[in-house]
Structures are given as C-alpha cells and as structure tokens.
Amino acid sequence: MKILSAEFVLSAGHVSECPDVEVPEIAMSGRSNVGKSSLLNAVLGRRALAKVSGTPGKTQRLNFFVVNERFHLVDLPGYGYAKASATARNQWAGMMQQYLRTRRQLVGVLQLVDSRHDPSREDREMIEWLSTERIPFCLVGTKADKIAPSKRSAAMRRITDSLELPPDQPVVATSSETGDGRSELLGWVGALLQEVEQD
Ligand code: GTP
Ligand code: MG
C-alpha cells in the first residue's frame with residue numbers, strides 16, 4: 001500500500017468524541033514512550049503529523065488521522081507511565097476498555113513493544129484485552145535500530161515466546177529512524193483493510 005495522503009482529523013478526550021463516520025480504523029497501542037507517534041509519522045512519511053516527545057505521557061487523547069481517504073489511524077494514549085497517578089491510570093484503563101469494546105469501526109491494532117525489552121505487565125494485559133475482544137493485531141517491535149540487524153529476529157522471537165503468541169502471529173520489527181519494517185507494516189494494514197472492505 002502506498003501512502004497518498006494523510007491528514008489530522010481530531011483529538012478525542014472521550015470515546016463519544018471519536019469520529020461518527022463509517023471509516024475503518026486501525027489503532028496504535030503501546031506503553032508511553034515506546035514510539036507510537038514516531039512510528040505513525042514514519043509510516044505515513046510525514047515528519048511531524050503526530051507530536052513526538054522525550055517526555056512520556058505526552059499523548060493523553062485519541063488522535064485520529066485519515067489516510068488515503070480510506071482509513072483512520074489512531075494514536076492511542078500510552079500506558080505504564082511511572083509517574084501517572086492512580087486516578088490517571090484508572091481513567092486510561094476505563095477509556096481504553098470502552099474504546100476496545102465498543103468502537104465498531106476498529107478493525108485492527110498495531111500493538112507496539114520495545115524490541116529491546118521483555119514485555120511489561122501492562123503489555124501483557126493489553127494483548128489479553130485484544131485477544132478477549134478478538135481484535136486482530138500485529139505485534140510491532142520498535143526502536144530496532146538499537147539492535148544489530150543480525151539479532152533482530154531473535155529479539156522478536158524472544159518477545160513472542162514470552163507472550164505465548166501463536167506461530168502465525170503477525171510480527172514486524174521497525175525503526176522510525178531508518179524506516180525499517182515500514183513496508184511490512186503497510187502490507188499488514190493493506191491486507192486487513194482489503195478483508196474488511198470485501199465484507
Ligand atoms: P507517548 O505519546 O508518551 O505515549 O509516547 P510515544 O509512544 O508516542 O513515543 P514517541 O513517538 O513520542 O517517542 C518517544 C521517544 O522515543 C522519542 O524520544 C523518540 O525520538 C524515540 N524513538 C521513537 N521511535 C524510535 C526509533 O525507532 N528509534 C530510536 N532510536 N528512537 C525512537
Ligand atoms: Mg505519542
């Protein structure tokens with residue numbers, strides 16, 4: 001799939017504020033600072049469409065982007081921010097559960113994990129939610145530029161093993177710095193969209 005156009009649509013502070021249109025949507029999920037906004041920009045080939053920051057917890061809203069006038073890509077708020085208050089965590093969990101359970105337009109998730117580290121408790125929980133809700137997801141390893149190319153597939157295998165994911169689980173190692181994994185990711189998104197458009 002080629003990116004022909006990408007525009008910011010809106011930023012929702014609550015699920016009820018999400019766009020009320022029949023456009024399939026793919027969400028990017030992962031802990032704070034894992035590289036969601038950076039990857040969104042890298043995949044769309046746009047420098048600063050989504051805001052990137054060295055400070056975790058930057059994106060606290062659901063940010064919608066329309067791509068190729070065909071689908072929405074949603075930059076979800078990150079989890080696992082150590083300094084977040086219990087209230088903020090509960091708010092995040094409430095909003096995410098409501099989003100995953102009720103959002104009809106959601107057809108798939110790009111679930112990001114840092115390719116250098118073992119998945120966190122929250123990563124596991126999120127993947128469990130996706131499985132429970134039967135939402136197709138691609139496991140995306142981020143910051144792969146920090147691992148030698150020869151060690152990347154072993155790093156990703158270690159992560160999928162520790163998450164006990166099935167052998168046919170889609171997995172891509174990516175880097176927003178080098179663009180590695182971009183075409184595989186777009187391939188997964190394109191195939192998913194084709195499937196839902198046929199229904
Ligand atoms: P929140 O919005 O807080 O949830 O964070 P996020 O997941 O959107 O992360 P963001 O894209 O803002 O990136 C966090 C930090 O990681 C920034 O300093 C980025 O420059 C850095 N980063 C993101 N992707 C990569 C990558 O592929 N390689 C390297 N080396 N650094 C990256
Ligand atoms: Mg972000």
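In short, a report on the structure. (Residues numbered from 1 in each chain as written. Chains lettered and ligands numbered in written order. Predicted model: local features only at pLDDT ≥ 70, side-chain atom pairs only at ≥ 80, totals over all residues. Heavy atoms only, no water.)

What follows concerns helix α2 (residues 86–102). Owing to its 3.6 residues per turn, the α-helix aligns residues three or four sequence positions apart on the same side. Across its 17 residues, α2 extends 24 Å between first and last C-alpha, which sits within 8% of the 24 Å expected from 1.5 Å per residue. Along α2, the residues classified as buried are Trp-92, Met-95, Met-96, Tyr-99 and Leu-100. Taken around the axis of α2, the buried residues stretch over an arc of 125°, which confines them to a single face. α2 presents Ala-86, Thr-87, Asn-90, Gln-91 and Arg-101 as exposed residues on the side facing more than 90 degrees away from its buried surface. Turning to α2, the residues buried within the fold contact β2 (25–29), β3 (62–67), β4 (71–75), β5 (106–114) and α3 (121–132). (Helix = DSSP H or I, 4+ residues; strand = E, 2+ residues; numbered from the N terminus. Expected span 1.5 Å × (residues − 1). Buried < 20%, exposed > 50% of the residue type's maximum accessible area, 1.4 Å probe, protein only. Arc of directions from axis to C-beta. Contact = heavy atoms within 4.5 Å.)

Bringing empty space enclosed by the protein into the picture now. Over the atoms rolls a probe the size of a water molecule, and its path tells where empty space is left. What the rule picks out here adds up to two cavities of 30 Å³ or more. As for the largest cavity, its lining consists of Met-28, Leu-39, Val-43, Leu-44, Phe-71, Leu-73, Leu-110, Leu-185, Leu-186 and Val-189. When residues of the lining of the largest cavity are traced back to their parent elements, those giving at least two are α1 (36–44), β4 and α5 (182–198). Among the residues making up the lining of the largest cavity, the classes are represented as 10 nonpolar, no polar and no charged. (1 Å grid on protein atoms, 1.4 Å probe; cavity = no way out; pocket = protein on both sides within 12 Å on 5 of 7 lines; lining within 4 Å. Points joined across faces, edges and corners; volume = space filled by probe spheres on them. Nonpolar A, V, L, I, M, F, W, Y, C, P; charged D, E, K, R; others polar.)

Our focus in this paragraph is the pattern of salt bridges. Across all of its chains, the model carries 10 salt bridges by this definition. The partner of Glu-22 in a salt bridge is Arg-104, and the shortest N-O contact between them spans 2.8 Å. In this pair, Glu-22 is assigned in the loop between β1 (6–12) and β2 and Arg-104 in the loop between α2 and β5, connecting sequence segments 82 residues apart. For the pair shown, Glu-22 and Arg-104 are each scored as exposed. (Salt bridge = Lys/Arg side-chain N within 4 Å of Asp/Glu carboxyl O.)

This brings us to the side chain of Arg-103. The topology assignment puts Arg-103 in the loop between α2 and β5. With relative accessibility at 11%, the residue Arg-103 sits in the buried group. Polar contacts involving the side chain of Arg-103 include one to the side chain of Glu-25, which spans 2.9 Å. (Polar contact = N/O pair within 3.5 Å; in protein donor to acceptor, adjacent residues only side chain to side chain.)

Counting 28 residues, the largest nonpolar core has Leu-62, Tyr-99, Leu-100, Met-126 and Leu-139 as the members making the most contacts within it. Listing elements by their share of this core, those giving two or more residues are β3, α2, β5, α3, β6 (137–142) and α4 (152–162). Top element by residues in this core is α2. It accounts for five residues. Look past the residues within four positions of Met-126 in its chain and what remains in contact with it is Ser-29, Tyr-79, Trp-92, Met-96, Leu-100 and Gln-111. (Core = buried A, V, L, I, M, F, W, Y, C linked by side-chain atoms within 4.5 Å.)

Our focus in this paragraph is the packing of aromatic side chains. Applying the stated criterion across every chain, the model contains three aromatic pairs. Arranged with centres 5.6 Å apart and planes meeting at 65°, the rings of Phe-8 and Phe-65 form a pair that is edge-to-face. With Phe-8 in strand β1 and Phe-65 in strand β3, this pair connects stretches of sequence that are 57 residues apart. The partly exposed category is assigned to Phe-8, whose relative accessible area is 43%. (Phe/Tyr/Trp six-rings, centres within 6.5 Å; stacked < 30°, edge-to-face > 60°.)

Non-glycine residue Arg-134 carries a positive phi angle of around 55°. Among the structural elements, Arg-134 can be located in the loop between α3 and β6. Look at Lys-143: it is not a glycine, yet its phi comes out positive at around 60°. Secondary-structure assignment places Lys-143 in the loop between β6 and α4.

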